[in-house]
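Spelled out, the chains give:
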Amino acid sequence: MARLSGSYPSGVICEIIKEDGTMARVPDLIQLSQKYDMKLITIQDLISYRRKNEKIIEKTSEQRLVIQGDTFELITYQDIFTGLEHLALIKGKPSDETTYVRVHAESLIKELTGDSSVKQGIEQMKNKEHGVFLYIRSTKTIHEQISEEELGEDESLKDYGIGAQILQDIGIKKMIWITDHPKKYPA
């Protein structure tokens, strides 16, 4: 928030407690902010603002690529925080039409054991007029990836912000998400 307001990037964290010594919750804080005419935002407000107003990716290259007889546009994007490059393979000219989208989150272990959905994802684009295949690189160490595979951890906690910003940069407004693991994700 300090950086967003143009101030020196520093801050202090504290907890507001009620008179009975328990932690003040949002309804309590709303009353307090109204009583003292103070501004109040939630962490969700801050995240929403940053998602709408800040880019976390930067396009680094564009080129044509032929895979199994199909021509794709390959665009690489760099995560400005981690430096990792992510890939978007685009078939056709996605526009305001509904576009098929397949997202593959990198998993070195799956790829080494032949259980990767990369080939399958590209195959699924063959029959589509317009399609996007995203390859999202992992910030996890190999040890973390192995542990998740062994534990069969749920992948629903992944950050989809990178993929969302890439799709927005490409111009995708409507999509059909192609997946082998149907789950309900908001927005």
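Described in the following lines is the structure provided in the data block. What you see is a predicted model, and the numbers here were worked out from it, not measured in a lab. (Residues numbered from 1 in each chain as written. Predicted model: local features only at pLDDT ≥ 70, side-chain atom pairs only at ≥ 80, totals over all residues. Heavy atoms only, no water.)

Describing the nonpolar core
Now for step 1: Counting 15 residues, the largest nonpolar core has Tyr77, Ala88, Val132, Leu134, Ile166 and Ile170 as its most contacted members.
Now for step 2: Elements with a minimum of two residues in this core: β2 (70-79), β3 (85-91), β5 (131-136) and α6 (161-170).
Now for step 3: When residues of this core are assigned to their parent elements, the largest contribution, four residues, is made by α6.
Now for step 4: Setting aside chain neighbours within four positions, we find Ala88 in contact with Glu73, Leu74, Ile75, Tyr77, Phe133, Leu134, Ile166 and Ile170.
Now for step 5: Counting nine residues, the second-largest nonpolar core is a separate cluster that includes Ile67, Phe72, Leu74 and Ile178. (Core = buried A, V, L, I, M, F, W, Y, C linked by side-chain atoms within 4.5 Å. Buried < 20%, exposed > 50% of the residue type's maximum accessible area, 1.4 Å probe, protein only. Helix = DSSP H or I, 4+ residues; strand = E, 2+ residues; numbered from the N terminus. Contact = heavy atoms within 4.5 Å.)

Some points on unusual backbone geometry
Now for step 1: Phi is positive for Asp37, close to 50°, though the residue is something other than glycine.
Now for step 2: Topologically, Asp37 is positioned in the loop between α1 (26-35) and α2 (43-53).
Now for step 3: Note on Asp37: relative accessible area 73%, which makes it exposed.
Now for step 4: Of note, the phi angle at Gln68 is positive, near 50°, even though the residue is not glycine.
Now for step 5: As for its position among the elements, Gln68 is in the loop between β1 (57-67) and β2.

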